[in-house]
Amino acid sequence: MISLLSGIDSTASALDAERVRMDVISENIANVNTTKGADGKPYQRQQVVFESVLSAKQQSGAGGAAPQTTQIVHIAKDTHPPRMVYNPSHPEANAQGMVAMPNINIHEEMVDMIASSRSYEANLAVVKNARTMALEDLSIGKH
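First, a word on scope: everything that follows refers to the structure included in this document.

Parameters and conventions
- Residues numbered from 1 in each chain as written.
- Predicted model: local features only at pLDDT ≥ 70, side-chain atom pairs only at ≥ 80, totals over all residues.
- Heavy atoms only, no water.
- Helix = DSSP H or I, 4+ residues; strand = E, 2+ residues; numbered from the N terminus.
- Expected span 1.5 Å × (residues − 1).
- Buried < 20%, exposed > 50% of the residue type's maximum accessible area, 1.4 Å probe, protein only.
- Polar contact = N/O pair within 3.5 Å; in protein donor to acceptor, adjacent residues only side chain to side chain.
- Salt bridge = Lys/Arg side-chain N within 4 Å of Asp/Glu carboxyl O.
- Axes fitted to C-alpha atoms, helices over the stretch in contact; angles between N-to-C directions.
- Parallel < 35°, antiparallel > 145°, perpendicular 65-115°, else oblique.
- Left-handed = near helix turned anticlockwise from the far one by under 90°.
- Nonpolar A, V, L, I, M, F, W, Y, C, P; charged D, E, K, R; others polar.

Focus: helix α2 (residues 106-140)
Step number 1: For α2, built from 35 residues, the straight-helix expectation of 51 Å at 1.5 Å per residue is met to within 8% by its first-to-last C-alpha distance of 51 Å.
Step number 2: Every buried residue belonging to α2 is among Glu109, Asp112, Met113, Ser116, Asn123, Ala130 and Ala134, and all of these are buried.
Step number 3: Measuring from the backbone nitrogen of His107 back to the side-chain oxygen at the start of α2 gives 2.9 Å, which picks out Asn105 as the cap.

Observations regarding the pattern of salt bridges
Step number 1: The full count for this structure, using the stated rule, is 7 salt bridges.
Step number 2: Here Asp16 makes a salt bridge to Arg19, at a shortest N to O gap of 2.8 Å. Of the two residues, Asp16 and Arg19 both sit in helix α1 (residues 8-30), 3 residues apart, roughly one turn of that helix.
Step number 3: Take Asp16: its relative accessible area is 40%, and that puts it in the partly exposed class.
Step number 4: Note on Arg19: relative accessible area 39%, which makes it partly exposed.
Step number 5: Measuring nitrogen to oxygen at the nearest pair gives 3.6 Å for the salt bridge that ties Arg118 to Glu121. Of this pair, Arg118 and Glu121 both sit in helix α2, 3 residues apart, roughly one helical turn.
Step number 6: Arg118 gets classed as exposed once you look at its relative accessible area, which sits at 53%.
Step number 7: On the basis of relative accessibility, which here comes to 42%, the residue Glu121 falls in the partly exposed class.
Step number 8: Three or more residues joined by partner-sharing salt bridges are found here, namely Arg45, Glu108, Glu109 and Asp112.

Here's the deal with the packing of α1 against α2
Step number 1: Orientation of α1 relative to α2, taken along the N-to-C sense of each, is 160 degrees, at an axis distance of 9 Å. Judged by the inter-axis angle, α1 sits roughly antiparallel to α2. In terms of crossing hand, the pair formed by α1 and α2 is left-handed.
Step number 2: In terms of residue class, the contact of α1 with α2 is built from 14 nonpolar, 7 polar and 5 charged.

Interpretation in functional terms is not warranted from these geometric data alone.
Written out as structure tokens, the structure is:
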């Protein structure tokens, strides 16, 4: 059978990967002021690590290139130390009045969120165009 939506596998994997990336960025933004996590330390920023995988299997009878998919290798924690903020009235303040805050730059997170959102939108456009082309291919047989 002829595959009408041949690029859908790689696009679907990219959509899934970008969705996870947006979830992680949202978690970073939500925890920008979390001074004490489950481990007793300030929240650590997380980043999604992607890997592109070129499929070794060729579609039977098709001479085209093998599909390339995007996979999430792991979600890595940032190793930068927390930023110290002077706030002696905070319950987590040390003897010098310093509070260990997560080392999260809200502006950097928003830029990452916009980039991820745009990538997601671009992949959705690919799906829509592939669907339109498949419908046009099917309509050729009707005439």
